[in-house]
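Observations on the model geometry
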Amino acid sequence: MSSVDSDQTPSTSRDWFFPSPSFTAKSSHQPPTRRFSTASRTSKPSFFTDSKPPIRSPSSSTFRSSSPSPPTYVPTKDITYAGNRRRPVYPRRSESLPKSNGSPPTKTEDVENAAKEKILVGKKEFRSSSVCPTVSWWTAFLIMIMIIAFSSLIHANYSLQSQVKHLQNRISKLDLRLLACENLDPVDDMESLEERSGNRTLRTSALIFSLTSLTLPFVFFKYVDYISKSKRSSENRSEQVSLSKLLAYRVDVFLSVHPYAKSLALLVATLLLIGLGGLALYGVTEDSLADCLWSSWSYVASSGNHADTEGLGPRLVSVSISFGGMLIFAMMLGLVSDAISEKFDSLRKGRSEVVEQNHTLILGWSDKLGSLLNQLAIANESLGGGIIVVMAERDKEEMELDIGKMEFDFRGTVVICRSGSPLILADLKKVSVSKARAIIVLAEDGNADQSDARALRTVLSLTGVKEGLRGHIVVELSDLDNEVLVKLVGSDLVETVVAHDVIGRLMIQCARQPGLAQVWEDILGFENCEFYIKRWPNLDGMRFEDVLISFPDAIPCGVKVASCGGKIILNPEGSYILQEGDEVVVIAEDDDSYAPTECPMVNEASYIQIARPTRKPQKILLCGWRRDIDDMIVVLDASLAKGSELWMFNEVPENIREKKLIDGGLEVDRLMNITLENREGNAVIRRHLESLPLESFDSILILADESVEDSAIQADSRSLATLLLIRDIQAKRMPCRESVTDGRSFSQVSWMGEMQQASSESVIISEILDPRTKNLLSMSKIGDYVLSNELVSMALAMVAEDRQINDILEELFAEEGNEMQIRPAYIYLREGEELSFYEVILRAHQRREVVIGYRLENAEQAVINPPSKHEKQKWTTKDLFVVIAEKE
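- Per an unreviewed UniProt entry, the chain goes by the name RCK N-terminal domain-containing protein and belongs to Kalanchoe fedtschenkoi.
- Looking at the Sequence similarities (unreviewed entry) heading of the UniProt record, one finds this comment for the chain: "Belongs to the castor/pollux (TC 1.A.1.23) family."
- The heading Subcellular location (unreviewed entry) in the UniProt record of the chain holds the text "Nucleus membrane".

Quick word on the environment of Ala844
- For Ala844, the position within the fold is in helix 28 (residues 837-845).
- The sequence separation of Ala844 and Ile827 amounts to 17 residues, and the corresponding C-alpha distance is 8.5 Å.
- Those residues in contact with Ala844 that lie beyond four places of it in its chain are Tyr828, Glu849 and Val851.

Details of the UniProt feature "transmembrane region" (unreviewed entry) in the chain
- Under the UniProt annotation, "transmembrane region" (unreviewed entry) lies at residues 135-154, 206-224, 264-284 and 321-341.
- Spanning residues 264-284, this segment combines 100% helix with 0% strand, and its end C-alpha atoms are found 30 Å apart.

Let's talk about the sheet that holds strand 17 (residues 818-824)
- In space, the 4 strands of this open sheet follow the order 17-22-19-20, with antiparallel pairing throughout. At either margin of the open sheet sits one strand with a lone partner, and together these are strand 17 and strand 20 (863-864).
- Bridge analysis of strand 19 (residues 849-855) against strand 20 gives 2 bridges, and the strand direction is antiparallel. Within the sheet, the bridge partner assigned to Gly853 lies in strand 20 and is Ile864.
- Its contacts with the sheet put helix 28 on strand 19 and strand 22 (880-886), and the angle it makes with strand 19 is roughly 135°.

Some words on the sheet that holds strand 8 (residues 555-561)
- Spatially, 4 strands are ordered 7-10-8-9 in an open sheet, and the strand pairing comes out antiparallel. Of all strands in the sheet, those with a lone pairing partner are strand 7 (530-534) and strand 9 (567-570), marking the two edges. On average, adjacent strands in this sheet sit at an angle of 30° to one another, irrespective of strand direction.
- Note: strand 8 against strand 10 (residues 583-588), 5 bridges, orientation antiparallel. Within strand 10, the position partnered with Ile555 by the bridge is Ile587.

Description of the pairing of strand 1 (residues 360-363)
- Burial along strand 1 is two-sided: the residues Thr360 and Ile362 and Leu361 and Leu363 are all buried.
- In terms of strand pairing, strand 1 meets strand 4 (residues 438-441) through 4 bridges, oriented parallel. Residue pairing across strands places Ile362 opposite Ile440, the latter belonging to strand 4.
- Here strand 1 pairs with strand 2 (residues 387-392) via 4 bridges, running parallel.

Side note on a nonpolar patch on the surface
- Taken together, the side chains of Val251, Phe254, Leu255, Leu264, Leu267, Val268, Leu271 and Leu272 define a hydrophobic patch exposed on the protein surface, amounting to about 700 Å² of accessible area.
- Looking at the nonpolar patch element by element, the count peaks at 5 residues for helix 8 (residues 261-284).
- Following the sequence through the fold, Val251 ends up in helix 7 (residues 243-257).

Section: the side chain of His472
- Locating His472 in the fold gives a position in strand 5 (residues 472-477).
- You can call His472 buried: its relative accessible area is 9%.
- Only 3.0 Å separates the side chain of His472 from the backbone oxygen of Val799, close enough to count as a polar contact.
- Discounting chain neighbours no more than four positions away, the residues touching His472 are Arg437, Ala438, Ile439, Leu493, Val799, Ala800 and Arg803.

A closer look at the nonpolar core
- Counting 120 residues, the largest nonpolar core has Ile362, Phe531, Met820 and Phe881 as its most contacted members.
- For this core, the element with the most residues is helix 26 (residues 788-801), which contributes 9 residues.
- Leaving out residues up to four positions away in the same chain, Met820 has contacts with Gln509, Gln513, Leu516, Val519, Trp520, Ile523, Leu812, Ile852, Val882, Val883 and Ile884.
- Judged by nonpolar contacts, the second largest core, of 24 residues, contains Met391, Ile439, Val441 and Val459.

Overview of the pattern of salt bridges
- Scanning the model with the defined rule gives 30 salt bridges in all.
- Across the salt bridge formed by Arg626 and Glu767, the nearest N and O atoms sit 2.9 Å from each other. A residue pair is termed long-range when its members are at least 10 positions apart, and Arg626 in the loop between strand 11 (619-623) and helix 19 (629-639) and Glu767 in strand 15 (residues 763-768) qualify at 141 residues. Glu767 carries the same exposure label as Arg626, and that label is buried.
- Residue Arg733 pairs with Glu695 through a salt bridge whose shortest N-O separation is 3.0 Å. Linking Arg733 in helix 22 (residues 712-733) with Glu695 in the loop between helix 21 (686-690) and strand 14 (699-702), this pair joins segments that are 38 residues apart in sequence.
- What makes Glu695 partly exposed here is its relative accessible area of 37%.
- A single salt-bridge network, built from bridges that share partners, covers Arg686, Glu690, Asp728 and Lys732.

A word on the packing of aromatic side chains
- Evaluated as defined, the whole model comprises 10 aromatic pairs.
- Consider the rings of Phe837 and Tyr854, whose centres lie 6.0 Å apart with planes at 50°: the pair is tilted. One end of the pair, Phe837, is in helix 28; the other, Tyr854, is in strand 19, with 17 residues separating them in the sequence. Tyr854 matches Phe837 in its accessibility class, with the two residues each being buried.
- The buried category is assigned to Tyr854, whose relative accessible area is 13%.
- Feature note: the residues Tyr828, Phe837, Tyr854, Trp875 and Phe881 constitute an aromatic cluster, connected by ring pairs.
- Sitting above the plane of the Phe697 ring, Lys619 keeps its charged end 5.3 Å from the centroid.

Considering the packing of helix 17 (residues 516-524) against helix 26
- It is the contact of helix 17 with helix 26, at a shortest axis distance of 9 Å, that shows an interaxial angle of 35°. Here the hand of the crossing between helix 17 and helix 26 comes out left-handed. Residue-level contacts link Trp520, Glu521, Ile523 and Leu524 of helix 17 to Leu791, Met794 and Met798 of helix 26.
- Here the contact of helix 17 with helix 26 is composed, by residue class, of 6 nonpolar, no polar and 1 charged.

Quick word on helix 14 (residues 448-463)
- If you check helix 14, its first and last C-alpha atoms are 23 Å apart, about what 16 residues at 1.5 Å a residue would give, namely 22 Å.
- Burial in helix 14 covers these residues: Ala448, Ser451, Asp452, Arg454, Ala455, Leu456, Thr458, Val459, Ser461 and Leu462.
- Turning to helix 14, the residues buried within the fold contact strand 1, helix 13 (425-430), strand 4, strand 5, helix 15 (483-490) and strand 6 (494-498).

Some remarks on the pairing of strand 12 (residues 644-650)
- Of all the 7 residues making up strand 12, 6 are buried; the element is thus mostly covered by neighbouring parts of the structure.
- Examined bridge by bridge, strand 11 and strand 12 share 5 bridges and lie parallel to one another. Bridge pairing in strand 12 links Ile620 to Leu646.
- A crossover links strand 11 with its parallel partner strand 12, the connecting element being helix 19, and its sense is right-handed.
- Bridge count between strand 12 and strand 13 (residues 674-680): 7 bridges; the pairing is parallel. Residue pairing for strand 13: Ser644 is matched across the bridge by Ile674.
- Of the crossover connections in this fold, the one passing from strand 12 over helix 20 (residues 654-663) to the parallel strand 13 is right-handed.

Scoring rules and cut-offs
Residues numbered from 1 in each chain as written. Predicted model: local features only at pLDDT ≥ 70, side-chain atom pairs only at ≥ 80, totals over all residues. Heavy atoms only, no water. UniProt positions renumbered as here; feature names shortened; annotations may be inferred. Helix = DSSP H or I, 4+ residues; strand = E, 2+ residues; numbered from the N terminus. Contact = heavy atoms within 4.5 Å. Pairing = 2+ DSSP bridges. Axes fitted to C-alpha atoms, helices over the stretch in contact; angles between N-to-C directions. Buried < 20%, exposed > 50% of the residue type's maximum accessible area, 1.4 Å probe, protein only. Patch = residues over 30% accessible without salt bridge, like charges linked within 9 Å, V, L, I, M, F, W, Y side chains within 5 Å. Areas by Shrake-Rupley, 256 points an atom, 1.4 Å probe, with all protein chains shown as cover. Salt bridge = Lys/Arg side-chain N within 4 Å of Asp/Glu carboxyl O. Polar contact = N/O pair within 3.5 Å; in protein donor to acceptor, adjacent residues only side chain to side chain. Core = buried A, V, L, I, M, F, W, Y, C linked by side-chain atoms within 4.5 Å. Phe/Tyr/Trp six-rings, centres within 6.5 Å; stacked < 30°, edge-to-face > 60°. Lys NZ or Arg CZ within 6 Å of the ring centre and 35° of its normal. Left-handed = near helix turned anticlockwise from the far one by under 90°. Nonpolar A, V, L, I, M, F, W, Y, C, P; charged D, E, K, R; others polar. Expected span 1.5 Å × (residues − 1). Right-handed = clockwise from strand over helix to strand, strands pointing away.

Laid out in structure tokens, this is it:
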């Protein structure tokens, strides 16, 4: 091996090389030997050189043949395969050409040159086909780089412009500071530098203080929690309360006990946020402390004010303050919303205070409230309306809904409802009880003793009001036996109206005198005429007989005597002379609708000597059972003639009935004028009623039975059914009398006509609780009725307007004294005689009676306080007069 071979280093690459033209092929048993020179390894491939084929020198041959065999040509397919995998490496022409000493080329060399030219042409074609796609990708890449560079240049331009603007602003600020510094002396400059250094220290201290104040509570609570846990673990007592829970409990107690604790806590939190935020801003900015506090408040008030803040520190502080401000205002909105909701709830539930004066206060709720409100509204109409306050232990909305369903006009009167208990002084103060001109205490439905006991406690509460009461108290009681106790507690402030006693006495009067119920309904209500008491100084020294004809629009019926302590005397003697301070009791339409005038010229009344008819024994039937029936029996015994009979028909067994009468205080053995007959049965069952001699009774009283009196509709239905059954039985048992009306008798017209015929033989008085039921009875004309709830409401309203009216009612309903009566006309005049109403008044007063109205023969209702009293008219003996006279 030659020296060239020994210096040759084997190649580690796996490149494919084309053989040189001097490569000598050997037999298959002897593979050719390749030798590489140093020049061939460092030389570049031929396609990186010029397109012209290189000229090889004969002396620079790379391969040397080891045998003298001629060189062979490499197949084209191998060259092509090598070109596809690796770029071929061609030896330089100077190296590959054989050495020639200037001799012409041989045939073998010509063949080699031709082969090399073919290889070069294929190489050019290969290079032209592979370069085109590479160039297109490079072009797209360059365009993309140019676009990115252009956009970055634009962004850099804009950022530079913004920086220039910012720097210009900084330069302007610095110029201003420089101008300010130039105006100072050097001494001032030193002082300003010292002041700046001091301010910097102060600002740093302010920032540290604000941060410490914010973090200190959290550290404190964590420390408290840690201490409490460590104590519990050391003492091993599970029942010991931790300090954190104790602090939380104290805070809860403070917030719940003090009404303004939440608002105060919110105010303190707001002030702390503004103060700490201002200190933090003072530490990170160059502004004064006042400006920083104002900026802190603006951040708290509006979360968008921090948008113009510059610098990292001021922005962090301003954002923190804005977050705290949003929290503060959220809490504030919650408190305001809760306060508004609580206020609306208090208004809806009736918890707010009534700020009124001279109003009428009603305590309690019952079925009589509707009629009571109606009467009070009518009474206030002349004043342009009034204020009525209702307080009961019911929901305010339910009370207002029930009052709204009442079918009457309030005539300008305003009704205010409040929820509360009359037994609680705070609730009484809420409705301005001390400033009310009248207080009405309604009886509750149900047990009479429990209702009166509650009324007694209410009176005790009213008398315990520290401010005192301006008005009087009107108490509705259910049992007459409790009246004395209530008056004892209330003293002069209390006026009592015993509902059952009033209705019982009224029913007895109406049973004895048919048509009196309608008269009482007109007088007790404010719709027509009622009682008024007023002083007229110009009447002093005048006889009462002359006073009777001195009021053209009113009828005098009594005097309130000042010398007797204000005692009211009804139907006084005609010779009584009015003294100074005396007041006149009249029946008029309204308190401002009447006034005295000069006495008119009235003919002297001629006295008609007619004796009063003597009382005859009567037979009366009581259907039903009331808890005060013992009091009714006492009144009947005092008003009926000796030998009268009282039949009691109800479902109470006779042995129990007698015990109840004794428990009520009635001693049957002491009854002087009546005898009791007991019958047991149901008043709505026909066969039970048929066992009674219904055709023989002078009067029948149908009571609202105790078992159903709590339900007005059920009680009225029972009373109406009893009335119809009794009238039908009476019509069947009595002989039919024909009364012609348009050529036909009542019996031929309908069954109602038969009942009306039977009604002329006996009087039936029904107790009605619901005012809507009276329409059925008034249309049928088969019986009279007493509106118990409505009449009691009227009496309460009249006493509430003027407490002196109660004295008049007590005398008219008492067993002794004066009462309302209906007299026939033949007592005062003759048939066909023409007299004025004044003349009738004077004739009646000769009999110690005061005429207040009349009912003509064909009229359905009586006229109370008639107009044109001086005009004469023709009377008949079948006319009736309504008078106030002493009880017979």
